[in-house]
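Summary of structural features
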Amino acid sequence: EDKVVQSPLSLVVHEGDTVTLNCSYEVTNFRSLLWYKQEKKAPTFLFMLTSSGIEKKSGRLSSILDKKELFSILNITATQTGDSAIYLCAVFIIQGAQKLVFGQGTRLTINP
Amino acid sequence: NAGVTQTPKFQVLKTGQSMTLQCAQDMNHEYMSWYRQDPGMGLRLIHYSVGAGITDQGEVPNGYNVSRSTTEDFPLRLLSAAPSQTSVYFCASSLDRKVMNTEAFFGQGTRLTVV
């Protein structure tokens, strides 16, 4: 069974802190790993990772994939209250069946 | 470019009623899918489609039907609503084979309450 597990499920930090969110996966026929941010409505795309060891960066957010150990991390530096959201990790698998499998999400709360 | 359009945004049903959630995309994506999101459960895949005329079950398909007669549309039908189907439903599309991009775009969600 394809599985994506995120940790922690919930995290509360103070503004300015750095956080690391984790995503591990056990799937067949991995194609890509995606990170999304969900505030009040639909998830919005952050990163797509397909190759090991190559960091993707967007402002204070960065992410990296380890295809040998089957995990990814999402780092947020100098956190702001606007970073408060649910962060979702998903893995896209393709061979015959093509599925986007999501983890449970990490609820991140940034306190001022 | 509208992206993924999902309707309605809110719906209240009585137990036993049926309804269809609409989803349309204008990005020529091959892959479309329906998810439900419940507190603490993340997004769970209900049904998905890899192209017109092809659908398959996801993780939680019971009580739902889908069809894909065109590339653009992927409606989700609740045959006989039950309170356990109270949830937020998201439609998503992805997989542009021309650029091999699997980023998924989401509709704005439907909050469904079954009483």
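Presented here is a report on the structure given in the accompanying data block. (Residues numbered from 1 in each chain as written. Chains lettered and ligands numbered in written order. Predicted model: local features only at pLDDT ≥ 70, side-chain atom pairs only at ≥ 80, totals over all residues. Heavy atoms only, no water.)

This part is about the state of the cysteines. Enumeration over the complete set of coordinates arrives at two disulfides over all chains. The disulfide partner of cysteine 23 of chain A is cysteine 89 of chain A, and the S-S distance across this bridge is 1.9 Å. Judged by the sign of its S-S torsion, about -65 degrees, the bond between cysteine 23 of chain A and cysteine 89 of chain A is left-handed. Of this pair, cysteine 23 of chain A sits in strand S3 (residues 19-26) while cysteine 89 of chain A sits in strand S9 (residues 85-95), and the two are 66 residues apart along the sequence. The residues cysteine 23 of chain A and cysteine 89 of chain A share a single accessibility class, namely buried. Disulfide partner of cysteine 23 of chain B: cysteine 91 of chain B, at an S-S distance of 1.8 Å. (Disulfide = S-S within 2.5 Å. Helix = DSSP H or I, 4+ residues; strand = E, 2+ residues; numbered from the N terminus. Buried < 20%, exposed > 50% of the residue type's maximum accessible area, 1.4 Å probe, protein only.)

Attention shifts here to the interface of chain A and chain B. Frequently, the measure chosen for interface size is the accessible area that the parts lose on association. With 20 residues of chain A in contact, the opposing surface of chain B contributes 22 residues. Across the interface of chain A and chain B, roughly 1,800 Å² is buried in total on both sides, 59% from carbon and sulfur atoms. Taken together, the connections running from chain A to chain B amount to zero salt bridges. At the surface where chain A touches chain B, the tally comes to five residue pairs in polar contact (both at pLDDT 80 or more). If you list the elements that add at least two residues to the side of chain A that touches chain B, you get strand S4 (30-38), strand S5 (44-49), S9 and strand S10 (97-102) of chain A. Here the residues of the side of chain A that touches chain B are counted per class, giving 12 nonpolar, five polar and three charged. (Contact = heavy atoms within 4.5 Å. Buried area = accessible area lost by both parts, 1.4 Å probe. Salt bridge = Lys/Arg side-chain N within 4 Å of Asp/Glu carboxyl O. Polar contact = N/O pair within 3.5 Å; in protein donor to acceptor, adjacent residues only side chain to side chain. Nonpolar A, V, L, I, M, F, W, Y, C, P; charged D, E, K, R; others polar.)

This part is about the pairing of S5 of chain A. Residue and element names in this part refer to chain A. Relative to S5, S4 runs antiparallel, the two being bridged by five bridges. The partner of leucine 33 across the bridge, within S5, is leucine 49. Hairpin connection, S4 to S5: the antiparallel pair is bridged by five residues. (Pairing = 2+ DSSP bridges.)

Further remarks concern the sheet that holds strand S3 (residues 19-25) of chain B. Residue and element names in this part refer to chain B. One open sheet holds the four strands; their spatial order is S1-S3-S8-S7, and the pairing between them is antiparallel. Each edge of the sheet is formed by a strand with only one pairing partner; in this case those strands are strand S1 (4-7) and strand S7 (64-66). Taking the axes of each pair of neighbouring strands and ignoring which way they run, one obtains an average angle of 15 degrees across the sheet. Relative to S3, S1 is paired through four bridges, and the arrangement is antiparallel. For threonine 5, the partnering residue across the bridge sits in S3 and is alanine 24. (Axes fitted to C-alpha atoms, helices over the stretch in contact; angles between N-to-C directions.)

Residue and element names in this part refer to chain A. A one-sided burial pattern is seen for strand S1 (residues 3-7), the buried positions being Val4 and Gln6 and the unburied ones Lys3, Val5 and Ser7. Bridging between S1 and S3 involves five bridges; their strand directions are antiparallel. Opposite serine 7, over in S3, you have asparagine 22 as the bridge partner.

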